[in-house]
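Residue-level structural notes
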Amino acid sequence: MKQIILHTGRCGSTKLWAILDRYYRAKYSGDNTEGSLKKLNRRYNLLEDDYFGLFEFYSPRFCEMRVKYPWLTVRVKQKDGLYPGHNITPEQDREWTNLRFEAWDYVHHITCDHFNKNYLIKYPPFSPTYEEERAYHEGRMKLEDFEMNIPPTDGTDFIVLRRKNKIEQGISRWLTNKTNLFFAERERDKTELIERTKRIYKKRLSFKVPAWAEHTGIILIDKLMDRLVDHLKKVSTNIREIYYEDIENLEPYEVLEFMGITDYEKYLDKDFSIPFIKTWTR
């Protein structure tokens, strides 16, 4: 089992990854614990461990990676669901992302191919800066000016996750960028924080269809994803495209069934849960 979730941001990717990760951990590693934010930081022995669950693995803005064979260490740059400021340049982002592709290609070759390892990777292939988004909307940049960001494709199943409602996705992304609050643990009550933030931006959020939500980069990211998917379809037949709305209101076990997984009760209780909750809603 080799899967990469490619997502456009604020589209339920954490929920999908956490549900699949919990199932795969139970199936391949015998770990049926729920997990937590702290357990997004992981250290794997590339020779001995049979499953690697990697959160935002290719993105240097969101996680740090170290390979010191046979150890792979990943530390997610977050604290209590809040990401710190990402003060790396677009050039550094592209360079470090490509280095990660090369590193994982190496790891994939010497472990996954020869020892039948399993992995689940979540990755946002496109995170344009505000300056890049503005340049694109003003016609100073074209799609061709953006890196393709092609992850390794050999033997990989791709899940492309997007959101149909671009307005709500844009609002969620805008609020996330304003607060740096990406996700929350279920046990932590962030209702006051969320409601306070909504009150602060009440006027900006009061329009039935706020036009500004369409200019938060979502349209650009979707077009970039279209280009990437068109390329992947030329080199891989293992691509499944789904939407946030397909899984938004499903229980974790229903999400597994939607993904075609029916043997989960061999490893987990049917009412198993994940530690994350939806943060921003309209």
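Residues numbered from 1 in each chain as written. Predicted model: local features only at pLDDT ≥ 70, side-chain atom pairs only at ≥ 80, totals over all residues. Heavy atoms only, no water.

**Some thoughts on the packing of aromatic side chains**
Convention followed: Whether two aromatic rings pair depends on their centres lying within 6.5 Å, for rings of Phe, Tyr and Trp, where Trp uses its six-membered ring; planes under 30 degrees apart make the pair stacked, over 60 edge-to-face, and the rest tilted. The numbering of helices and of strands both runs from the N terminus, where a helix is a DSSP run of H or I of at least 4 residues and a strand a run of E of at least 2. Classification of residues uses two cut-offs on accessible area relative to the type maximum, computed with a 1.4 Å probe and protein chains only: under 20% is buried, over 50% is exposed, and between them is partly exposed. As a reminder, the over-ring test applies to NZ of lysine and CZ of arginine, requiring each to be within 6 Å of the ring centre and within 35 degrees of the ring normal.
Evaluated as defined, the whole model comprises 15 aromatic pairs. Between Tyr24 and Tyr51, the aromatic rings sit 6.0 Å apart at their centres with planes inclined by 50°, giving tilted as the arrangement. Of this pair, Tyr24 sits in helix 1 (residues 13-29) while Tyr51 sits in strand 3 (residues 51-54), and the two are 27 residues apart along the sequence. Seen from their ring centres, Phe101 and Tyr123 are 5.9 Å apart, and the 85° between their planes marks the pair as edge-to-face. Of the two residues, Phe101 is situated in helix 2 (residues 90-115) and Tyr123 in strand 6 (residues 118-123); the sequence distance between them amounts to 22 residues. Side by side, Phe101 and Tyr123 carry an identical accessibility label, which is buried. The ring of Trp71 has Arg43 lying over it, and the distance from NZ or CZ to the ring centre is 4.0 Å. Positioned above the aromatic ring of Phe258, the side-chain terminus of Arg240 is 4.9 Å from the ring centre.

**Details of the environment of Gly170**
Position of Gly170 among the secondary structure elements: in helix 4 (residues 166-179). Of the residues examined, Gly170 reaches a relative accessible area of 0% and is grouped as buried. Each C-alpha atom of the pair Gly170 and Ile219 lies 8.9 Å from the other, and the pair is 49 residues apart in sequence.

**Observations concerning the side chain of Asp222**
The cut-off we apply is this: A contact between two residues is defined here by any heavy atoms of the two lying within 4.5 Å.
Structurally, Asp222 is set in helix 6 (residues 218-235). Under the relative-accessibility criterion, Asp222 is labelled buried at 11%. Non-local contacts of Asp222, meaning those with residues more than four positions away in its chain, are made with Thr8, Arg162 and Lys166.

**Some thoughts on the nonpolar core**
Rule in force here: The set of buried Ala, Val, Leu, Ile, Met, Phe, Trp, Tyr and Cys residues whose side-chain atoms join them within 4.5 Å is what this entry labels a nonpolar core.
Formed by 62 residues in total, the largest nonpolar core has its most connected members in Leu6, Leu16, Leu20, Leu54, Trp104 and Ile121. Top element by residues in this core is helix 1. It accounts for 8 residues. Sequence-distant contacts of Ile121, defined by excluding residues within four places in its chain, comprise Gln3, Ile4, Ile5, Trp17, Leu54, Phe57, Tyr58 and Trp104.

**A closer look at the sheet that holds strand 9 (residues 239-243)**
Sheet strands line up and pair through hydrogen bonds in the backbone, either parallel or antiparallel. For clarity, the threshold we go by: Here, a strand pair is defined by DSSP locating no fewer than two bridges between the strands. In this analysis an axis means a line fitted to C-alpha atoms, helices contributing only their contacting stretch, and an angle means the value between N-to-C directions, from 0 to 180 degrees.
Strand order in the open sheet formed by 5 strands is 3-6-1-7-9, and the pairing between neighbours is parallel. Because the sheet does not close on itself, it has two edges, and the strands there are strand 3 and strand 9. The average angle at which neighbouring strand axes cross in this sheet is 15°, direction not considered. Strand direction decides the pairing type here: strand 1 (residues 2-7) and strand 6, joined by 5 bridges, are parallel. Bridge pairing links Lys2 to Tyr119 in strand 6. Along the sheet face, helix 1 touches strand 1, strand 3, strand 6, strand 7 (157-162) and strand 9 and points at about 170° away from the line of strand 6. On the sheet, helix 2 packs against strand 1, strand 3 and strand 6 and is oriented at approximately 170° with respect to strand 6.

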